[in-house]
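For reference, the chains in residue letters:
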Amino acid sequence: MRKTITGKAYVLGDNVDTDQIIPAHYLTFDPAKPDEYRMFGKFALSGVPAALGGLPKGHVPFHGPADEFISPYKVIIGGKNFGCGSSREHAPIALNAAGIEAVVAEFYARIFYRNSVNGGYLVPFETAARLCEKICTGDEVKIDVEAGTIANATTGETWSLRPLGEVAPILDAGGIFTYARRVGMLKS
């Protein structure tokens, strides 16, 4: 896991469900195949209603004109209950395939949170602040993983993030299986 995560923020609101993150009809792709893994990135967030994508204005595409597979954004800022809905692990896979490194939300559906951590797909930070109303899509943000802060370089504001706690070593290892091998829980 990197010590800092920097890039443009893409802002969403509350109750972003897994069907908005990756609609069910794209689950025919196999994430174990590199060419098909890319397709998850192409269709990431394609289920988000246009008016709710790229807040506060809305109607901001998640993918730019330069690349249909990788988003120009690196951090998603969400509200409450991010990743609710089904238990599909394809949701954090889709965000990872699109180039997202971290999601910062008030709280998560626990299955999305664990899928993100267990697969090592992205870093799910939690914050007490309602950042989806303080950060705008396109703002440059910097997450200091060790300090547990997110700074908005566009506005100069900084907020605290909740500590990653027991999931930090799993994320640092790149996922639960790598971690389990590293600590001797699984044979190599």
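For the structure, see preceding data.
My aim in this report is to walk through the structure given alongside it, one point at a time. Everything quoted here is computed from the prediction, not taken from an experiment. (Residues numbered from 1 in each chain as written. Predicted model: local features only at pLDDT ≥ 70, side-chain atom pairs only at ≥ 80, totals over all residues. Heavy atoms only, no water.)

### Observations regarding the sheet that holds strand β4 (residues 123–126)
Hydrogen bonding along the main chain pairs the strands of a sheet, whether they run parallel or antiparallel.
Then, number 1: The 7 strands lie next to each other as β4-β3-β2-β1-β5-β6-β7, forming an open sheet whose pairing is mixed. Here the strands that pair on one side only, and so sit at the sheet edges, are β4 and β7 (158–160). Averaged over all neighbouring strand pairs, the angle between strand axes comes to 30°, with direction disregarded.
Then, number 2: Looking at chain direction, strand β1 (residues 4–11) and strand β5 (residues 140–144) are connected through 5 bridges and run antiparallel. Its bridge partner lying in β5, Ile 5 is registered against Ile 143. (Pairing = 2+ DSSP bridges. Helix = DSSP H or I, 4+ residues; strand = E, 2+ residues; numbered from the N terminus. Axes fitted to C-alpha atoms, helices over the stretch in contact; angles between N-to-C directions.)

### Structural notes on helix α2 (residues 34–43)
Then, number 1: Three or more residues of α2 are buried, namely Met 39, Phe 40, Gly 41 and Phe 43.
Then, number 2: The secondary structure elements touched by the buried residues of α2 are α1 (18–21) and α3 (90–97).
Then, number 3: Downstream of α2 by one or two residues, Leu 45 has phi in the positive range, about 60°. (Buried < 20%, exposed > 50% of the residue type's maximum accessible area, 1.4 Å probe, protein only. Contact = heavy atoms within 4.5 Å.)

### Some details on α3
Then, number 1: Of all the 8 residues making up α3, 6 are buried; the element is thus mostly covered by neighbouring parts of the structure.
Then, number 2: Three or more residues of α3 are buried, namely Ala 91, Pro 92, Ile 93, Ala 94, Leu 95 and Ala 97.
Then, number 3: In the core, the buried residues of α3 are packed alongside α1, α2, β2 (73–77), β3 (102–105) and α4 (110–119).
Then, number 4: Trailing α3 by a residue or two, Gly 99 shows a phi angle of about 100°, which is positive.

### Quick look at the nonpolar core
Then, number 1: Counting 56 residues, the largest nonpolar core has Ile 77, Phe 82, Leu 95, Phe 125, Ile 143 and Ile 150 as the members making the most contacts within it.
Then, number 2: A total of 5 residues in this core trace back to one element, the largest contributor, which is α3. (Core = buried A, V, L, I, M, F, W, Y, C linked by side-chain atoms within 4.5 Å.)

### Regarding the packing of α3 against α4
Packed helix pairs are specified by the crossing angle of their axes together with the interaxial distance, meaning the distance between the axes.
Then, number 1: Viewed as axis vectors pointing N to C, α3 and α4 meet at an angle of 55°, and their least axial separation amounts to 8 Å. Taken as axis vectors, α3 and α4 run oblique relative to one another. Our pair here, α3 against α4, has a crossing hand that is right-handed. Between α3 and α4, the contacting residues are Ala 91, Pro 92 and Leu 95 on the first element and Phe 112, Asn 115 and Ser 116 on the second.
Then, number 2: Looking at the contact of α3 with α4, its residues break down into 4 nonpolar, 2 polar and no charged. (Parallel < 35°, antiparallel > 145°, perpendicular 65-115°, else oblique. Left-handed = near helix turned anticlockwise from the far one by under 90°. Nonpolar A, V, L, I, M, F, W, Y, C, P; charged D, E, K, R; others polar.)

### Re unusual backbone geometry
Then, number 1: Cis rather than trans, the peptide bond between Leu 55 and Pro 56 has omega equal to 15°.
Then, number 2: Relative to the elements of secondary structure, Pro 56 occurs in the loop between α2 and β2.
Then, number 3: Although it is not a glycine, Asn 15 sits at a positive phi angle of roughly 55°.
Then, number 4: Among the structural elements, Asn 15 can be located in the loop between β1 and α1.

### Focus on a nonpolar patch on the surface
Then, number 1: Taken together, the side chains of Phe 177, Val 183, Met 185 and Leu 186 define a hydrophobic patch exposed on the protein surface, amounting to about 420 Å² of accessible area.
Then, number 2: Position of Val 183 among the secondary structure elements: in the segment after α6 (176–182). (Patch = residues over 30% accessible without salt bridge, like charges linked within 9 Å, V, L, I, M, F, W, Y side chains within 5 Å. Areas by Shrake-Rupley, 256 points an atom, 1.4 Å probe, with all protein chains shown as cover. Salt bridge = Lys/Arg side-chain N within 4 Å of Asp/Glu carboxyl O.)

### Quick look at the environment of Gly 174
Then, number 1: You can see Gly 174 is positioned in the loop between α5 (168–173) and α6.
Then, number 2: Every residue in contact with Gly 174, bar those within four places of it in the chain, is listed here: Gly 119 and Gly 120.

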